Amino acid sequence: MKIAVIFPGQGSQFVGMGKDLYSNFTDAKELFGKANDFLKEDISKICFEGPVEKLRDTLYQQLAVFLVSAVCWEILKKYLSVKPCFFSGLSLGEYTCLYSAEVLSFEDSLFLVKKRAEFMASASLKNPSLMLAVLGLEREDLEEFNKEFFYIANLNCPQQVVISLSRERKAEVMKLLEERGAKRVVELEISGGFHSPFMEPAQQLLREVIDSLEFKPPSVPIVSNVDAQPHREVSKIKANLIAQLTFPVLWKDSVEFMAKEGVELFYEAGPSKVLRGLLRRINPGLKVLNFGCLEDLNKIRES
């Protein structure tokens, strides 16, 4: 059976995530400890206890989601002997792929995620912006407004498009979406309008950090958000990470590519079950197993 491991992005966080893994697995406790020591901050406590406002801040949210997802992967690998033919992740999740596919060490991965979060937060201050999940419309329904009123940022699944827009245009855009026939519009709990030109100030800074780190060819191909294609070449992986800041996330296309390549089982490794919901809407025939807590592990063993 062909397997893919997929990692969630921002918005999947919740207070308490990873706590039972920390309590039950030595490997998890060690990785949380490493993160605390490297960051010189108790990121474990933020994951376990919050406050929720801190977890919504991209400076902490990205580190927390990456850390819990990395812990989940280590447990999947060791205790269930999961051997994927592809890694992929939604937005931030693509950075978890770097660690899981042995492109970067754990410490370098943490450092890169930390810098990415800082640069994106800074860009959000320069360009006050937000993201809206638009339910009930397709990309074609929104294309005529793209770049004039907002930017199409994520193509997650059928009937769900995420857009980035200026904060000052929120009311105007909400009205436009309602008139266009959107069934529901939800503001995402993140700090800015990611995957859009609002993030351009972060690109050169991120490029400099990426170029300073030692990237190795991945042990397993990484399916990129930018082009929905698998990559093993280090230069292309680096280029996609930089482009990803301002380019739409092609999640639906990425999943469809992996399914076309014969992937029958997806493991979602990380907090929440956001990606499972998206995959079921992309292709109800795909099998998705979630692993984010001890209960999930027991369910996987029983299935």
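Scroll up a little and you will see the structure.
Rules used throughout
- Residues numbered from 1 in each chain as written.
- Predicted model: local features only at pLDDT ≥ 70, side-chain atom pairs only at ≥ 80, totals over all residues.
- Heavy atoms only, no water.
- Helix = DSSP H or I, 4+ residues; strand = E, 2+ residues; numbered from the N terminus.
- Buried < 20%, exposed > 50% of the residue type's maximum accessible area, 1.4 Å probe, protein only.
- Contact = heavy atoms within 4.5 Å.
- Areas by Shrake-Rupley, 256 points an atom, 1.4 Å probe, with all protein chains shown as cover.
- Pairing = 2+ DSSP bridges.
- Axes fitted to C-alpha atoms, helices over the stretch in contact; angles between N-to-C directions.
- 1 Å grid on protein atoms, 1.4 Å probe; cavity = no way out; pocket = protein on both sides within 12 Å on 5 of 7 lines; lining within 4 Å.
- Points joined across faces, edges and corners; volume = space filled by probe spheres on them.
- Nonpolar A, V, L, I, M, F, W, Y, C, P; charged D, E, K, R; others polar.
- Parallel < 35°, antiparallel > 145°, perpendicular 65-115°, else oblique.
- Left-handed = near helix turned anticlockwise from the far one by under 90°.
- Right-handed = clockwise from strand over helix to strand, strands pointing away.
- Core = buried A, V, L, I, M, F, W, Y, C linked by side-chain atoms within 4.5 Å.
- Polar contact = N/O pair within 3.5 Å; in protein donor to acceptor, adjacent residues only side chain to side chain.

(A) Summary view of the overall build of the protein. The secondary structure content of the protein amounts to 14 helices and 10 strands. On the principal axes, the C-alpha backbone points of the protein span a range of 50 × 45 × 40 Å. Expressed as a percentage of the 303 residues in the protein, the buried residues total 56%. Contacts in the protein between residues at least 24 apart in sequence constitute 74% of all its contacts with a sequence separation of at least 6. Of the roughly 12,800 Å² that the protein leaves accessible, carbon and sulfur atoms contribute 48%.

(B) Looking closely at the sheet that holds strand β6 (residues 184–187). Read across the sheet, 4 strands follow the order β4-β5-β3-β6 without closing on themselves; strand pairing throughout is antiparallel. Two strands bound the open sheet, and with one partner strand each, they are β4 (151–157) and β6. Averaged over neighbouring strand pairs, the angle between their axes works out to 25° when direction is ignored. Along the sheet face, helix α13 (residues 274–282) touches β4 and β5 (160–166) and points at about 80° away from the line of β4.

(C) Structural view of helix α10 (residues 200–212). Turning to α10, its buried residues are A202, Q203, L206, V209 and I210. Next to the buried residues of α10 lie α6 (93–100), α7 (106–126) and α11 (234–244).

(D) Quick look at empty space enclosed by the protein. Tallying each qualifying case throughout the model produces 1 cavity of 30 Å³ or more. For the largest cavity, the calculated volume is near 50 Å³. Lining the largest cavity, in full, are E94, L98, I222, S224, H231, I237, N240 and L241. Elements with a contribution of two residues or more to the lining of the largest cavity: α6 and α11. It is α11 that provides the largest number of residues to the lining of the largest cavity, a total of 3 residues. Its residues assigned to classes, the lining of the largest cavity comprises 4 nonpolar, 3 polar and 1 charged.

(E) Here's a closer look at the packing of α7 against α10. The N-to-C vectors of α7 and α10 enclose an angle of 165°; their axes lie 9 Å apart at closest approach. Judged by the angle between their axes, α7 and α10 are roughly antiparallel. Helix-helix and strand crossings are classified by hand; for α7 and α10 the assignment is right-handed. Here F111, L112, K115, R116, F119, M120, A123 and K126 of α7 come into contact with α10, specifically with P201, A202, L205, L206, V209 and I210.

(F) Spatial organisation of the packing of helix α2 (residues 26–39) against α7. Running from N to C, α2 and α7 point in directions that differ by 55°, and their axes come no closer than 10 Å. The angle between α2 and α7 places the two elements in the oblique class. Considering only the axes of α2 and α7, their crossing is right-handed. In this structure, α2 contributes L31, K34, A35, F38 and L39 to the contact, and α7 contributes F106, E107, L110, F111 and K114.

(G) Focus on the pairing of strand β9 (residues 263–269). Of all the 7 residues making up β9, 6 are buried; the element is thus mostly covered by neighbouring parts of the structure. Pairing geometry for strand β1 (residues 2–7) and β9, over 5 bridges, is parallel. Considered in β9, the bridge of A4 is made with F266. Bridging between β9 and strand β10 (residues 287–291) involves 5 bridges; their strand directions are parallel. Its bridge partner being in β10, F266 is matched across the sheet by V288. In this fold, β9 hands off to α13, which returns the chain to β10; that crossover is right-handed.

(H) Molecular detail of the layout of surface pockets. For the largest pocket, the calculated volume is near 530 Å³. For the largest pocket, the lining is made up of 25 residues, of which Q10, N156, Q160, L188 and V274 are closest to its centre. Contributing elements (two or more residues each) for the lining of the largest pocket: β3 (129–135), β4, β5, β6 and α13. Of the residues in the lining of the largest pocket, the class split is 13 nonpolar, 9 polar and 3 charged.

(I) Region of the structure containing the nonpolar core. Formed by 74 residues in total, the largest nonpolar core has its most connected members in F87, L98, F106, L112, F215 and Y267. The biggest single contributor to this core is helix α5 (residues 58–79), with 13 residues. Excluding anything up to four places from it in sequence, L112 contacts Y95, L98, L104, L206, V209, I210, L213 and F215. Of all hydrophobic cores here, the second largest spans 19 residues; its members include W251, V255, F266 and I282.

(J) Spotlight on the side chain of Q160. Among the secondary structure elements, Q160 is positioned in strand β5. You can call Q160 buried: its relative accessible area is 13%. Looking at Q160, its side chain comes within polar contact range of the side chain of N156, at 3.0 Å. Excluding anything up to four places from it in sequence, Q160 contacts V134, L135, L137, N154, L155, L278 and R281.

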